[in-house]
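Close look at the chain arrangement
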Amino acid sequence: MAYENILLAKEGRVATITINRPDKMNALNHQTLTELGHALDDVAQDDAVGALVITGSGDKAFVAGADISELLEVAGNDQGAAELAGFGQSVFRKLDQLGKPSVAMINGFALGGGCELALACTLRTASNKARLGLPEVSLGIIPGYGGSQRLARIAGPGVAREWILTGDMFGAEDAQRMGVINRVFAPEELAEGTQKLVQSMLSKGPIALRFGMEAVLRGWDMDQEQGEVMETEYFGKAALTQDMREGMAAFLEKRKANFTGK
Ligand code: COA
């Protein structure tokens, strides 16, 4: 698929998707979401790619939300609104199913659907100039692309209520304090800091990364006991991998592990 509203680049084992509508603050219209869905399928299927970074074009916005002019088209049409939400949710869910870590590199405004996109990534880095929030209530709606569920699970229901009910914007450092952002950098250090984080994950066993992500994700809806049963299954499966033997041998031989993903 030829992309008009996003850029997909691959360098080494890292793919980068850049939402590329800077004149519209990278707002997510239907076409952009469609292109994002295709790019996520591409990244999921490409065995040469071990991790994904998602960012926004320009220095102002990561993504300033769903495209408000398109949102207006579903006013007065609950079915249309449900379809739109379902579509956005299905695209963002691909990040849960990617099988490799994704990092939202938040270079500016991450609002509404943009904040929800960042929340759907495995981890989030941000420039200390970035501003995040869920301003949907200011438009008479609520988050519709999974954000109310993901924010409550990532940062707890207290933070989710504050963000969703006030519609306020939060600076990156406040968002980090609340557990929403993992790492904050000066704007000129954001790309390098994000790459270091990604490369640190890529130096680990890819099966262990996938099992770790799945264990946390699946455990969100389980109680401790059920979660431990599920964790034991992954632990047992990890023990059958060559990567486990390699990781332990490398430690004992005081050398760097050479993981093969087998
Ligand atoms: N949907 C559609 N267009 C958007 C948009 C969105 N979510 N966010 C920004 N834009 C457009 C603006 O309409 C403007 O277009 P124009 O130049 O054709 O008029 C352009 O992007 C630049 O935005 P502007 O508002 O002029 O920039 P700013 O620096 O003054 O403010 C924001 C930046 C992000 C604070 C402001 O654009 C904003 O509040 N956006 C909406 C955020 C929002 O409510 N998102 C949730 C949607 S569910």
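Our subject is the structure listed above.
These figures come from a predicted structure and were not determined experimentally.

Let us now look at the overall build of the protein chain. Scanning the protein chain for helices and strands turns up eleven helices and ten strands. For the protein chain, whose C-alpha radius of gyration is 19 Å, the value lies close to the compact-globule estimate of 18 Å for 262 residues. Principal-axis analysis of the C-alpha atoms places the extent of the protein chain at approximately 60 × 40 × 35 Å. Evaluated residue by residue, the protein chain yields a buried proportion of 44% over its 262 residues.

To continue, consider the sheet that holds strand S7 (residues 123-127). With mixed pairing, the six strands of this open sheet are ordered in space as S1-S2-S3-S5-S7-S10. Every other strand in the sheet has two partners, leaving strand S1 (6-11) and strand S10 (183-185) as the edge strands with one partner each. On average, each strand axis in the sheet is tilted by 20° relative to the strand beside it, whichever way the strands run. As judged from the four bridges shared by strand S5 (residues 102-106) and S7, these two strands associate in the parallel manner. Residue Ala 104 lies in a different strand from S7, and its bridge partner there is Arg 124.

What follows covers the packing of aromatic side chains. For the structure shown, the criterion picks out three aromatic pairs. When the ring of Phe 92 is compared with that of Tyr 145, the centres are 5.6 Å apart and the planes differ by 80°; the resulting orientation is edge-to-face. Taken as a pair, Phe 92 in helix H3 (residues 78-96) and Tyr 145 in the loop between strand S8 (131-133) and helix H5 (147-155) lie far apart in primary sequence, 53 residues in all. For Tyr 145, a relative accessible area of 6% puts it in the buried group. Arranged with centres 5.2 Å apart and planes meeting at 50°, the rings of Phe 211 and Tyr 234 form a pair that is tilted. One end of the pair, Phe 211, is in helix H9 (residues 206-219); the other, Tyr 234, is in helix H10 (residues 224-239), and 23 residues separate them in sequence.

With that settled, the discussion passes to unusual backbone geometry. Despite not being glycine, Met 25 has its phi angle at roughly 55°, a positive value. In this fold, Met 25 is placed in the loop between strand S2 (14-19) and helix H1 (30-45). Relative accessible area serves as the criterion here: at 28%, Met 25 is assigned to the partly exposed category. Even without being glycine, Asn 26 reaches a positive phi, approximately 60°. Along the chain, the position of Asn 26 falls in the loop between S2 and H1.

What follows concerns the site of the ligand. Residues in close proximity to the ligand total 15 residues, the closest being Asp 23, Lys 24, Ala 64, Ala 66 and Ile 68. Between the ligand and Ala 66, the relevant distance is 2.9 Å, taken from a nitrogen atom to a main-chain nitrogen or oxygen of the residue. When the ligand is considered free in solution it has 860 Å² of accessible area, and contact with the protein chains removes 59% of it. Of all the secondary structure elements, the ones that give two or more residues to the shell around the ligand are helix H2 (68-71) and strand S6 (109-111). When grouped by side-chain class, the residues that make up the shell around the ligand number ten nonpolar, one polar and four charged.

Conventions used here
Residues numbered from 1 in each chain as written. Predicted model: local features only at pLDDT ≥ 70, side-chain atom pairs only at ≥ 80, totals over all residues. Heavy atoms only, no water. Helix = DSSP H or I, 4+ residues; strand = E, 2+ residues; numbered from the N terminus. Rg over C-alpha atoms; globule rule 2.2 N^0.38 Å. Buried < 20%, exposed > 50% of the residue type's maximum accessible area, 1.4 Å probe, protein only. Pairing = 2+ DSSP bridges. Axes fitted to C-alpha atoms, helices over the stretch in contact; angles between N-to-C directions. Phe/Tyr/Trp six-rings, centres within 6.5 Å; stacked < 30°, edge-to-face > 60°. Near = heavy atom within 4 Å. Polar contact = N/O pair within 3.5 Å; in protein donor to acceptor, adjacent residues only side chain to side chain. Areas by Shrake-Rupley, 256 points an atom, 1.4 Å probe, with all protein chains shown as cover. Nonpolar A, V, L, I, M, F, W, Y, C, P; charged D, E, K, R; others polar.

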